[in-house]
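A look at the structure
Listed here are the chains, written in short residue letters.
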Amino acid sequence: MLKILFSPSEAKRSGGVMQHKDIFATLKAREEILTTYNNIILSRDEEAIKKLFGFKKFSECIPYIEDIFTSQHLPAIERYQGVAYNYVKFNELDSHAQKYLKENTIIFSNLYGPVLGGDAIANYKVKQGNSIGDIAPEKFYKERFSYQLDLYLASHNILDLRAGYYDKFYKTKQAFTTLKFLKNGKTVSHWAKAYRGIVLREVAQNNIQTLEEFMHLEIDRLNIAEIKKIKNKTEIIYNILD
């Protein structure tokens, strides 16, 4: 089966339809970091909260100040609303494609660490790169979850669509494939996020099961320019067509 590693986003959908429940590799393994986060946001320490969220004005923090253990949750694939997720267009997919994304996407949250697309998470805010109290999320999850991820992914094909920053959370030892997008010979940034979302959507819509199937998937406006193999990494380089 194909498993897709994916980045989170700063933008998130508020509210929720689910109660707090267990998620990938159990909530208990995350208890220290989640409790530390919760204590900070419920502390009324405006400076500590602004620092954690990465905001200058406390008024911007208010929508995120709620107990993450008792607030309403959403599946991770529905919680995030950044550029990539806007191109996934989850709500427009049929039930089979939605189920595919919930079961086969692993999103690397700056608070929850690796979660499946269908795992329920609260509306939270952690600026990328910030520590939660004295805990660095990337170090916390790399140390505690790498072995679990290795076991989980051992019998699967891996398509890594994450931004490079999330290698700090987990770096697989087995073979994996990643993508690079070029426009007029130059690497793109904003459009890379968009095309990661487009690729994820196409993979789900076509129920792609293996990397071999993925290699034969035609994606609008993308043309394979080169395929590079370095150790356990295969990099597919796409040209974005006009």
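Conventions and cut-offs
Residues numbered from 1 in each chain as written. Predicted model: local features only at pLDDT ≥ 70, side-chain atom pairs only at ≥ 80, totals over all residues. Heavy atoms only, no water. Helix = DSSP H or I, 4+ residues; strand = E, 2+ residues; numbered from the N terminus. Buried < 20%, exposed > 50% of the residue type's maximum accessible area, 1.4 Å probe, protein only. Contact = heavy atoms within 4.5 Å. Areas by Shrake-Rupley, 256 points an atom, 1.4 Å probe, with all protein chains shown as cover. Phe/Tyr/Trp six-rings, centres within 6.5 Å; stacked < 30°, edge-to-face > 60°. Lys NZ or Arg CZ within 6 Å of the ring centre and 35° of its normal. Arc of directions from axis to C-beta. Salt bridge = Lys/Arg side-chain N within 4 Å of Asp/Glu carboxyl O. Pairing = 2+ DSSP bridges. Core = buried A, V, L, I, M, F, W, Y, C linked by side-chain atoms within 4.5 Å.

1. Quick notes on the overall build of the protein
Scanning the protein from terminus to terminus reveals eight helices and ten strands. Taken along its principal axes, the extent of the C-alpha atoms in the protein is 55 × 40 × 35 Å. The buried share of the protein, reckoned over its 242 residues, is 50%. Taking contacts inside the protein between residues at least 6 apart in sequence as the whole, the part at least 24 apart equals 70%. Taken as a whole, the protein presents about 12100 Å² of accessible surface, with 48% of it coming from carbon and sulfur.

2. Overview of the packing of aromatic side chains
The tally for this structure, following the rule as stated, stands at 20 aromatic pairs. Note on Y87 and W191: the rings are 6.2 Å apart at their centroids and 65° apart in plane angle, and the pair reads as edge-to-face. Taken together, the residues Y87 in helix α4 (residues 83-88) and W191 in helix α7 (residues 190-205) connect sequence positions 104 residues apart. Assessed through its relative accessible area of 28%, Y87 is described here as partly exposed. Between K12 and the ring centre of Y124, over which it is positioned, the NZ or CZ distance is 4.5 Å. Above the plane of the ring of F108 lies R162, whose end atom (NZ or CZ) is 4.6 Å from the centre.

3. Some remarks on helix α5 (residues 95-104)
Of the residues making up α5, those classed as buried are A97, Q98, Y100, L101 and N104. Down the axis of α5, the buried side of the element spans an arc of 155°, and every buried residue falls inside it. Structural note: α5 exposes S95 and H96 on the side pointing more than 90 degrees away from its buried face. The inward-facing, buried residues of α5 contact β1 (2-6), α3 (76-79), α4, β3 (105-109) and α7.

4. Structural notes on the pattern of salt bridges
Applying the stated criterion to the full structure yields twelve salt bridges. Between E47 and K50 there is a salt bridge, with the nearest N and O atoms lying 3.2 Å from each other. Taken together, the residues span about one helical turn, with E47 and K50 both in helix α2 (residues 46-53) at a distance of three residues. A relative accessible area of 53% means that E47 is categorised as exposed. With relative accessibility at 16%, the residue K50 sits in the buried group. Residue D160 is joined to R162 by a salt bridge in which the shortest nitrogen-to-oxygen separation is 2.9 Å.

5. Description of the side chain of S71
If you trace the backbone, S71 turns up in the loop between α2 and β2 (74-75). For S71, a relative accessible area of 8% puts it in the buried group. The contact partners of S71, leaving out residues within four places of it in the chain, are M18, E66 and A122.

6. What to know about the pairing of strand β9 (residues 222-230)
Alignment of β9 against strand β10 (residues 233-240), held across eight bridges, turns out to be antiparallel. Its bridge partner being in β10, K229 is matched across the sheet by T234. What sits between β9 and β10 in their antiparallel hairpin is a turn of two residues, with K231 showing a positive phi close to 55°.

7. Notes on the nonpolar core
Judged by nonpolar contacts, the single largest core of 75 residues is most densely connected at Y37, Y112, L159, F181, V199, V203 and F214. With seven residues, the top contributor of residues to this core is α7. Setting aside anything within four residues of it in sequence, one finds V203 in contact with L2, I4, Y100, L159, I208, F214 and L217.

8. Quick look at the environment of F58
Within the element layout of this structure, F58 appears in the loop between α2 and β2. Here F58 falls in the partly exposed class, since its relative accessible area comes to 22%. Taking the C-alpha atoms as reference, F58 lies 13 Å from K125; in sequence the two are 67 residues apart. Those residues in contact with F58, other than ones at most four positions away along the chain, are E46, I49, K50 and I65.

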